Amino acid sequence: MLETFSGFNPVLQAFIAGLFTWGCTIVGSSFVFLFKTVNRKVLDVMSGFAAGVMIAASFWSLLAPSITFAEENGYGVWAFVPAAIGFLFGGVFLRLTDAIIPHLHLGEPIENREGPTTGASRNVLLFLAITIHNIPEGLAVGVAFGAAAHGLAGGNTLMGAIGLALGIGLQNIPEGSALSMPIRADGSSRWKAFNLGQLSAIVEPISAVIGAFAVVSMQAILPYALAFAAGAMIFVVVEELIPESQTNGNSDIATMGLMVGFTIMMILDVALG
């Protein structure tokens, strides 16, 4: 099965991987049919776990290959430049996205919504917040498959890209439930809560295709694209996931969740990459 998959066009590989990560969100969102609410402590552990996965993926799957590629392609002592530029632009991109799209972070009152003033409901604002931070996850998957399929990024293998997709998919399961559960608790039907939860990740296969196509079409942007995805993910971690997990009296267990997520993603990347 892996041999068949390895023969696919890298853009198709990225699309399939994006469908997988979206599918994991669907699984997580389906928990709303079993439970009406989720304990706040569980939500904080979920946020910490997702943060750990994204931090580890940002380094091992994205920044390190970015620097390695630059070192192997004539950048010399300036090998850090593409990683630094791409990383910062990734953060700027997410900041601009935050500024132009109205959204509300989980656990926040609607008065704390961010972005342009809007009459959108709390549920829609929650949906938009999660959707925004799913974009860099999809880009990361796409860039990794685009690089690996062409033997780029200094040893970034197909198995390494698969490991990244597995890690992001793994953290999408609790993420899907972390969105659908509060929507259900606010009084929405289970089907509406499920649909908003799972649709928040529909951007992942789309972003994965865009990331893979960009790398395949323009090899020179590879180190920048890898670092861009890393910067965007770190922005999400620091601006959203860690604060969400640390403000409800569950900081210790949420921090342990982060460490577990980091460790699992590190193992996946090193073992498979």
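Up top you'll find the structure we're talking about.
Basis of the calculations
- Residues numbered from 1 in each chain as written.
- Predicted model: local features only at pLDDT ≥ 70, side-chain atom pairs only at ≥ 80, totals over all residues.
- Heavy atoms only, no water.
- Helix = DSSP H or I, 4+ residues; strand = E, 2+ residues; numbered from the N terminus.
- Rg over C-alpha atoms; globule rule 2.2 N^0.38 Å.
- Contact = heavy atoms within 4.5 Å.
- Areas by Shrake-Rupley, 256 points an atom, 1.4 Å probe, with all protein chains shown as cover.
- Expected span 1.5 Å × (residues − 1).
- Bend = angle between axes of the 7 residues up to and from the residue.
- Buried < 20%, exposed > 50% of the residue type's maximum accessible area, 1.4 Å probe, protein only.
- Phe/Tyr/Trp six-rings, centres within 6.5 Å; stacked < 30°, edge-to-face > 60°.

## Side note on the overall build of the protein
What the protein contains, in helices and strands, is ten helices and zero strands. Each helix (α) and strand (β) of the protein, taken in turn from the N terminus, gives the series α-α-α-α-α-α-α-α-α-α. Expected size for 273 residues packed as a compact globule is a radius of gyration near 19 Å; at 18 Å, the protein falls within 12% of this value. Dimensions along the principal axes, computed over C-alpha positions, put the protein at roughly 55 × 40 × 35 Å. Sequence separation of 24 or more characterises 80% of the internal contacts of the protein that already satisfy a separation of 6 or more. Counting only carbon and sulfur atoms, one obtains 71% of the accessible surface of the protein, whose full area is about 11400 Å².

## Regarding helix α6 (residues 158–185)
With 28 residues, α6 should cover 40 Å at 1.5 Å per step; its first-to-last C-alpha distance of 41 Å lies within 8% of that length. Approximately 30° is the largest bend angle found in α6, and it occurs at Asn172, with the proline Pro174 only one to four residues beyond. Where burial is concerned, most of α6 is hidden: 22 out of the 28 residues are buried. Just beyond α6, the residue with positive phi is Gly187, at close to 110°.

## Considering the packing of aromatic side chains
Per the stated rule, a full pass over the model turns up seven aromatic pairs. When the centroid spacing of 5.4 Å and the interplanar angle of 45° are considered together, the rings of Phe33 and Phe194 count as tilted. Of this pair, Phe33 sits in the loop between α2 (10–29) and α3 (40–72) while Phe194 sits in helix α7 (residues 190–199), and the two are 161 residues apart along the sequence. Phe33 sits in the partly exposed class, given a relative accessible area of 33%. For Phe194, a relative accessible area of 12% corresponds to the buried category. On the basis of an interplanar angle of 85° and a centroid distance of 5.8 Å, the ring pair of Trp191 and Phe194 is categorised as edge-to-face. On the criterion of helical spacing, the pair formed by Trp191 and Phe194 is a turn pair, its members being three residues apart in helix α7.

Read these as layout, nothing more, since geometry by itself doesn't imply function.
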